[in-house]
Amino acid sequence: MKAPFKFLDSYSQGDMEVFFGRKKETENLYNALTGVKHLLVYGPSGAGKTSLIECGLRNQFSDADWFALTIRKGKNIGESVFTTINEVLKDKLEPNKALNFTNLVESLFAEKYQPVYLLFDQFEELLILGEQEEKIAFFKAINDLIRYKVPCRILFIMREEFIGHLSEFEYLCPTIFQNRFRLEKMNRNNVQQVIEEILDAPFYQDTFTVADSQLLAQKIIERLPDAQKEIELTHVQVFLSELWERASEGQDGLPRLEDTLVKDSDKLETILDSFLKKQLKAMEVTFGKKLPLEVLALMISERHTKLQLTSKEIKDELKAKQVLLDEVQIDNILDIFERNRILRKLGSEPNIKYEITHDLLALAVGQNLTEDIKLRQKAVDIYAIYQDRIALFSQTDLDYIRPYKTYWDYPDKLKEKIQASEAAIENEKNTALTQALAIAERERGLSEKAKYRSYIAVAVAIVAFCFFCWAIIQTRNAETQSQAAIIALKNSLNSDIQRFKNEIKNANNNLNIFKINNAGKDLIDNETNKIYTLQKQQKVYQNKLDSLNIHN
């Protein structure tokens, strides 16, 4: 038997008996929907946005008042809207490019004759993972739906740190920021009261007993640093489950929860990280140290948000990454993760997808990635940026990219561009070498010839003064050729200086791209260092050129 608490799962409509601490917020959210066509619901990760809507808000409506569908991005949000609505229609629609959101909602309303509510949960997935064309099409469609006559209300539910990404699409949907509702995390006092209500809830009386709910709640709250005023309820649920497991050890009857189960070493803010490490440790004997973590690494984005993947997609990606797991092992790992409530299944056959059960757990996975996995993911990000550049790569670019090949092989498009860049650089080197050798040989020949003629002129100076003068003229010609060589060297230095300027310009463009796309501190620092190195090299060549100008 597992601990009865919600653990990492969101509260759903049937959990109202144990959904505590959000009565006021539920009423405020219900009121915020009055008279509006759409509402942006946002707040920090772990605040309980999904639970507030799926349990609190859903229980404010009767079945006649609304027909609500929760929609996630999936591979393409437009396709997800169609699939979600089509699944509940009796008269199924055939996929058709002419179908838009208004057509779909109208078909749904015609069958159900209930106000339609579209709940776009984890909406930041579209903003940070969607293709530009996909996002533009979505906001155009939403703007049309907002102005359509069919009774339909839309909720966009997202983490507040990504809300700024909406600004880019405000021109397509001008009212997107007009109606907003922010959900805050609970403070310590509220959470303590919630814990007491959970421990005393009649719903749980058949699964455990409690010695003193108030004392135990106080002990749990004390496991937080004094400075931390807001608490992740998810951490509390995981910790309650941990206490239940401790109380169950060696017990035949109902586990008894009491304050003595709380250890001095317990830390509430790290309980989720401890839980994850404990589960991965238990799987090491069967699957090895890193392999289960490789599976979880696929389930998070570069910003440590949850991703949805099918079993086939997971297997294909692991194969591409050359992770040595057969399909049976992967199925076993997914099954264990699901049983231990690390992953959950979404949808139905044949379109079942897996996702990590909570944003905070996805964050914990990201914080536990090995250096190899991090560098592999960094390689993928870098390759994506470089392969879209129009110009060929400089030698500095190639030197920057090359170390990441150890962790992730070049994609075909990037490989072709690297080969073309290497060939161009080699050709440039060969051309420069040939020109330099030709100039050197010509200078040597002219110098030897001039010397020889000067010696003859000296030997026969008395009888052939005119020949001596002619030799002097030839020497001067040689000096002229030498000056020509110096001019050629100056031109070569100018060419190198211009090349450095172009590379610095490209690097600055990359740096701007990294900053705009929030590529991460490592990428930004690397590109900044690259610019600094190029500027130093340019200065060296400029000094050489200046020296030639002074002495000639």
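Here the structure is shown first, and the text comes after it.
A. Main features of the pairing of strand β4 (residues 152-159). Taken across its 8 residues, β4 has 7 buried, putting it largely inside the fold. Pairing analysis gives 6 bridges linking strand β1 (residues 38-43) to β4, with the strands arranged parallel. Along β4, the bridge assignment pairs Y42 with M158. Pairing analysis gives 5 bridges linking strand β3 (residues 116-120) to β4, with the strands arranged parallel. Bridge pairing in β4 places L118 opposite I154.

B. Quick look at the side chain of N143. Along the polypeptide, N143 turns up in helix α6 (residues 132-146). Taking the relative accessible area as the measure of exposure, N143 reaches 14% and is therefore buried. With residues near it in sequence (within four places) discarded, N143 still touches L172, C173 and P174.

C. Spotlight on helix α9 (residues 233-248). Taking 1.5 Å per residue, 16 residues should reach 22 Å; α9 reaches 23 Å between its end C-alpha atoms and fits that length. Most of α9 is tucked away, with 13 of its 16 residues classed as buried. G250 lies just past α9 and shows a positive phi near 75 degrees.

D. Summary view of the pattern of salt bridges. Considering all chains together, one arrives at 31 salt bridges under this definition. Here D372 ties to K290 by a salt bridge, and the two come within 3.9 Å at their closest N and O atoms. Taken together, the positions of D372 in helix α15 (residues 371-386) and K290 in the loop between α10 (271-287) and α11 (291-297) put the pair 82 residues apart, joining distant regions of the chain. As a salt-bridge pair, E371 and K374 come within 3.7 Å of each other at their nearest N and O atoms. Taken as a pair, E371 and K374 lie in helix α15 at a separation of 3 residues, close to a single helical turn.

E. How the structure looks around the sheet that holds strand β2 (residues 67-71). Pairing is parallel in the open sheet, where 5 strands are placed in the order β2-β3-β4-β1-β5. Two strands close off the open sheet at either side, each with one partner strand: β2 and β5 (180-182). In this sheet, adjacent strand axes meet at a mean angle of 20 degrees when their direction is disregarded. Alignment of β2 against β3, held across 5 bridges, turns out to be parallel. When the bridges of β3 are listed, T70 appears paired with L119. Strands β2 and β3 of the sheet are contacted by helix α3 (residues 77-88), whose axis makes an angle of about 140 degrees with β2. Packed onto the sheet, α6 meets β1, β3 and β4 and runs at close to 140 degrees relative to β4.

F. Structural context of the packing of helix α7 (residues 188-200) against helix α8 (residues 213-221). Running from amino to carboxyl end, α7 crosses α8 at an angle of 135 degrees, the nearest separation of the two axes being 9 Å. With respect to α8, the axis of α7 lies oblique. Crossing handedness for the pair α7 and α8: right-handed. Counting all contacts with α7, which are made through R188, V191, Q192, I195, E196, L199 and D200, the residues of α8 involved are S213, Q214, L216, A217, Q218, I220 and I221. Across the contact of α7 with α8, the residue classes break down as 7 nonpolar, 4 polar and 3 charged.

Rules used in this analysis
- Residues numbered from 1 in each chain as written.
- Predicted model: local features only at pLDDT ≥ 70, side-chain atom pairs only at ≥ 80, totals over all residues.
- Heavy atoms only, no water.
- Buried < 20%, exposed > 50% of the residue type's maximum accessible area, 1.4 Å probe, protein only.
- Helix = DSSP H or I, 4+ residues; strand = E, 2+ residues; numbered from the N terminus.
- Pairing = 2+ DSSP bridges.
- Contact = heavy atoms within 4.5 Å.
- Expected span 1.5 Å × (residues − 1).
- Salt bridge = Lys/Arg side-chain N within 4 Å of Asp/Glu carboxyl O.
- Axes fitted to C-alpha atoms, helices over the stretch in contact; angles between N-to-C directions.
- Parallel < 35°, antiparallel > 145°, perpendicular 65-115°, else oblique.
- Left-handed = near helix turned anticlockwise from the far one by under 90°.
- Nonpolar A, V, L, I, M, F, W, Y, C, P; charged D, E, K, R; others polar.

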